[in-house]
Amino acid sequence: MNKMAVAIATDSAVTVSHRDGPKIYNSADKLFPFPGGQPVAIMIHNSAEFCGVPWEVLINKYYENFGSTKFPTVKDYSDSLVAFIKSYPFEKSERDASINAIIEGEYRRVVNEVKSYLNSYLE
């Protein structure tokens, strides 16, 4: 064991939303190390896309602009990526659909938690 490092790994399964429902692919990259041997990587979880754009495309565009930049903290790397994503020119309809899907998913999660709590309480 190394107390000075963390090892991260992923499987290759990823879910992509389609009009006909979600599709699962078993050949996706989910782990994106920063170029130049920097000790930071980006890992995706859950959905393979954001606002209709594959995460892999977003991350590669980010790396084209900032991949060689070395930041002093992990938070600085994170802030840089978030700022890039906020400035990305997403299609309005895709952005709105993604926001609605996130809100709907959170709504369902909260409703299920409340139902579970109420059922436990009533028992």
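Described below are features of the structure shown in this document. Because the structure is predicted, anything quoted here is derived from the model rather than measured.

Looking now at the packing of aromatic side chains. Counting across every chain of the model gives 13 aromatic pairs. For the ring pair Phe71 and Tyr77, a centre distance of 5.0 Å and an interplane angle of 80° mean the geometry is edge-to-face.

Between its first and last C-alpha, helix α2 (residues 74–87) extends 20 Å over 14 residues, near the 20 Å set by a 1.5 Å rise per residue. Buried within α2 we find Tyr77, Ser80, Leu81, Phe84 and Ile85. Down the axis of α2, the buried side of the element spans an arc of 130°, and every buried residue falls inside it. Facing away from the buried side of α2 by more than 90 degrees, the exposed set consists of Lys75, Lys86 and Ser87.

A separate point is unusual backbone geometry. Positive phi, close to 55°, is recorded for Cys51, a residue that is not glycine. Residue placement: Cys51 occurs in the loop between β5 (49–50) and β6 (53–54).

At a minimum axis separation of 11 Å, helix α1 (residues 55–66) and α2 run at an interaxial angle of 110°. Compared by their axis directions, α1 and α2 come out roughly perpendicular. In this structure, the crossing between α1 and α2 has a hand that is right-handed. Packed against α1, whose contacting residues are Trp55, Leu58, Lys61, Tyr62, Asn65 and Phe66, the element α2 presents Tyr77, Ser80, Leu81, Phe84 and Ile85 at the interface. The residue inventory of the contact of α1 with α2, partitioned by class, reads 8 nonpolar, 2 polar and 1 charged.

Glancing now at α1. Residues spaced three or four apart along an α-helix point in a common direction, a consequence of the helix completing one turn every 3.6 residues. Taking 1.5 Å per residue, 12 residues should reach 16 Å; α1 reaches 16 Å between its end C-alpha atoms and fits that length. Within α1, burial applies to Trp55, Leu58, Ile59, Tyr62 and Tyr63. The buried residues of α1 occupy one face: seen down the axis, they fall within an arc of 135°. Tucked inside the fold, the buried residues of α1 contact β3 (31–33), β4 (41–43), β5, β6 and α2.

Nonpolar side chains in soluble globular proteins generally cluster together in the buried interior. Residues Phe34, Ile42, Ile59, Tyr62, Tyr63 and Phe90 are the most contacted members of the largest nonpolar core, which totals 18 residues. Among the elements that take part in this core, α1 stands out by supplying 5 residues, more than any other.

Cut-offs and rules
- Residues numbered from 1 in each chain as written.
- Predicted model: local features only at pLDDT ≥ 70, side-chain atom pairs only at ≥ 80, totals over all residues.
- Heavy atoms only, no water.
- Phe/Tyr/Trp six-rings, centres within 6.5 Å; stacked < 30°, edge-to-face > 60°.
- Helix = DSSP H or I, 4+ residues; strand = E, 2+ residues; numbered from the N terminus.
- Expected span 1.5 Å × (residues − 1).
- Buried < 20%, exposed > 50% of the residue type's maximum accessible area, 1.4 Å probe, protein only.
- Arc of directions from axis to C-beta.
- Axes fitted to C-alpha atoms, helices over the stretch in contact; angles between N-to-C directions.
- Parallel < 35°, antiparallel > 145°, perpendicular 65-115°, else oblique.
- Left-handed = near helix turned anticlockwise from the far one by under 90°.
- Contact = heavy atoms within 4.5 Å.
- Nonpolar A, V, L, I, M, F, W, Y, C, P; charged D, E, K, R; others polar.
- Core = buried A, V, L, I, M, F, W, Y, C linked by side-chain atoms within 4.5 Å.

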